[in-house]
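The lines below spell out each chain.
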Amino acid sequence: MAEKVNRRSFLKTGGIMTAGTFISGGVQVHAMAGQQEEPAKPMAANDHLQIALIGAGGRGQSDTKTAAQVPGVKVRAVADCYDGRLTHAKELWGADIQTTRDYAEILARKDIDAVIIGTPDHWHMRAAIDAMNAGKDVYLEKPMIHLYSDGPKIIETAQRTRRILQVGSQRVSSMIYRKAKDLLASGAIGKLNMVTAWWDRNSSIGAWNYSVPLDASTTTCDWPRFLGTAPKISWNPEHFFQWRKWKAYGSGEAGDLFVHLFSGTHFVAGVNGPTHAMATGGLRFWNDGRDVPDVLLGLFDYPEGFNLSLRVNFVDGGAESEGLVFTGSEGTMTISGDSVSLSRVPREKEPGYLINSFARNMQKECLAAYRKKYPIAPPTGDIPLGEEKYVALEGYNDTYDHLKNFFDAVRARRPVVEDPVFGFRAAGAALLSNLSYDRKAVVRWDPEKMKVLG
Ligand SMILES: NC(=O)c1ccc[n+]([C@@H]2O[C@H](COP(=O)([O-])OP(=O)(O)OC[C@H]3O[C@@H](n4cnc5c(N)ncnc54)[C@H](O)[C@@H]3O)[C@@H](O)[C@H]2O)c1
């Protein structure tokens with residue numbers, strides 16, 4: 001979703017779409033304005049929050065740029081293992097910010113209220129726990145865990161230290177997902193029986209082959225610190241900059257992308273997780289030394305009576321796409337990009353007939369008997385609109401709403417939308433796919449107690 005924050009509505013900028021409802025091509029379209037379109041409220045100086053970033057790569061920088069646009073938030077320090085990213089942090093947020101390779105120096109500062117953690121997955125638990133023990137509130141990128149044992153430790157630390165921790169699956173704060181949740185709860189598609197979600201990519205960057213800077217070396221990169229608890233191997237710039245390709249640091253397609261689809265499904269359907277999971281797939285194309293599949297399919301049973309089917313394909317030779325379809329007894333609801341659409345086809349009022357293989361006389365008799373029972377009735381009333389669509393205005397940024405939810409919670413000491421329990425349930429469910437893929441077997445999960453059952 002777009003990262004640009006646009007405070008003014010399209011009406012004011014003279015653009016194409018303004019908030020409101022209109023009919024387009026037989027579809028009723030509702031255009032919705034986001035929080036960032038509202039004028040910023042002035043913030044008292046003693047309400048300002050000072051933040052730091054730990055892990056200043058692509059996502060950490062993007063989160064922090066967005067955080068800096070939330071009124072009353074100031075970026076004060078950045079920690080990272082690659083010097084080039086520390087240099088860029090000063091270019092982005094000013095020469096006076098503190099930069100360091102060692103995040104402990106930042107956590108020791110009393111004036112830092114909260115941290116954003118954008119490290120690779122294998123550092124999530126350690127960095128989050130160190131930050132909370134140092135008294136900081138935490139915005140922790142997804143997936144919350146790398147190993148199942150990380151989950152209870154993060155939850156326990158948040159409870160013990162009374163720190164606020166928001167997990168960074170930003171769709172949970174998206175107004176589009178909120179609308180989808182309300183529509184489902186209002187019965188718009190009847191009883192949910194299936195969710196189908198996918199993420200198909202057709203690019204090298206999409207398959208995690210991120211650029212390695214020309215100055216990458218053990219002088220510019222803190223390799224031992226990057227490795228942390230991962231197996232000690234000699235310097236490898238691809239492992240450093242393309243870490244998603246190895247299980248030692250990342251969590252495969254499941255931890256990277258299924259987790260977003262789980263967070264979205266759990267939020268919209270108001271559920272805690274599946275009881276059974278089965279995954280399959282393979283390494284079909286990107287045979288570049290990675291140890292995780294580039295095609296992954298997962299099937300999940302929910303105790304609420306629906307199935308979830310997930311797919312990530314990094315070798316899709318067609319157009320890239322991503323979406324979630326919620327199928328119910330009365331319609332379907334599709335989330336795609338910054339919109340949610342409803343499609344409802346009313347069930348036929350009569351059962352219909354299938355008689356053309358019978359002898360002609362029998363066809364006639366059957367038709368006469370059918371029409372006696374179901375006489376042709378003239379259509380009454382308006383033809384109902386089959387499709388309805390809710391769209392966010394261009395420039396909508398769900399990460400802004402997610403960070404705003406976090407900073408509001410930090411100020412008011414109130415719960416966030418995506419706490420560590422929600423985060424563990426989403427990431428724990430996602431990682432079932434890796435377990436099932438490795439074991440070639442169905443795995444069971446207790447979504448209430450958040451435990452793998454075998
Ligand atoms: N919410 C989203 O939509 C979204 C999108 C992309 C990435 N992410 C998540 O964000 C995280 C980072 O992904 P990325 O693409 O930005 O990776 P990246 O490789 O671009 O950045 C990670 C950075 O962490 C640094 N780092 C590693 N160990 C560290 C340590 N001990 N202390 C400080 N810094 C350390 C690295 O030097 C690197 O610069 C991942 O967990 C990923 O899943 C979330």
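Structural notes, computed from the coordinates. This one's a predicted model, so the numbers in the text were calculated from it and none came from an experiment.

Residue K142 is joined to P143 through a cis peptide bond whose omega torsion reads -15°. Along the chain, P143 turns up in the loop between β7 (137–140) and α6 (150–161). Phi is positive for W208, close to 75°, though the residue is something other than glycine. Within the secondary structure layout, W208 lies in the loop between β9 (192–200) and α8 (223–227). Residue classification places W208 among the buried residues on the basis of a relative accessible area of 1%. Although it is not a glycine, M450 adopts a positive phi angle of roughly 55°. With respect to the helices and strands, the residue M450 is situated in the loop between β17 (443–446) and β18 (451–452).

Before going further, it helps to spend a moment on the sheet that holds strand β12 (residues 306–313). Spatial ordering of the open sheet is given by β1-β2-β16-β15-β14-β13-β9-β12-β11-β10-β17-β18, a layout of 12 strands whose pairing is mixed. At either end of the open sheet lies a strand with only one pairing partner, and these are β1 (20–24) and β18. Note that strand β10 (residues 276–282) and strand β11 (residues 295–302) share 7 bridges and pair antiparallel. Looking across to β11, one finds that A279 is bridged to G298. Across the sheet, helix α10 (residues 252–269) lies against β9, β11, β12, β13 (321–328) and β14 (331–336), angled at about 150° from β12, the strand it touches most.

This brings us to the nonpolar core. By size, the foremost hydrophobic cluster in this structure holds 83 residues, and its most contacted members are F262 and M333. Residues within four places of F262 in sequence aside, it is in contact with P274, F300, Y302, L308, L310, A426, A429 and A430. In terms of nonpolar packing, the next biggest core, distinct from the first, is built from 24 residues, L49, A67, V75 and A89 among them.

Here we come to the site of the ligand. R59, D80, H124, Q170 and W243 are the nearest of the 28 residues found near the ligand. The separation between an oxygen atom of the ligand and a polar side-chain atom of H124 is 2.9 Å. Q170 is positioned such that a nitrogen or oxygen atom in its side chain is 2.8 Å from a nitrogen atom of the ligand. Relative to its unbound accessible surface of 850 Å², the ligand loses 93% to contact with the protein. At the level of secondary structure, the elements contributing two or more residues to the shell around the ligand comprise α2 (58–67) and α10.

Thresholds applied
Residues numbered from 1 in each chain as written. Predicted model: local features only at pLDDT ≥ 70, side-chain atom pairs only at ≥ 80, totals over all residues. Heavy atoms only, no water. Helix = DSSP H or I, 4+ residues; strand = E, 2+ residues; numbered from the N terminus. Buried < 20%, exposed > 50% of the residue type's maximum accessible area, 1.4 Å probe, protein only. Pairing = 2+ DSSP bridges. Contact = heavy atoms within 4.5 Å. Axes fitted to C-alpha atoms, helices over the stretch in contact; angles between N-to-C directions. Core = buried A, V, L, I, M, F, W, Y, C linked by side-chain atoms within 4.5 Å. Near = heavy atom within 4 Å. Polar contact = N/O pair within 3.5 Å; in protein donor to acceptor, adjacent residues only side chain to side chain. Areas by Shrake-Rupley, 256 points an atom, 1.4 Å probe, with all protein chains shown as cover.

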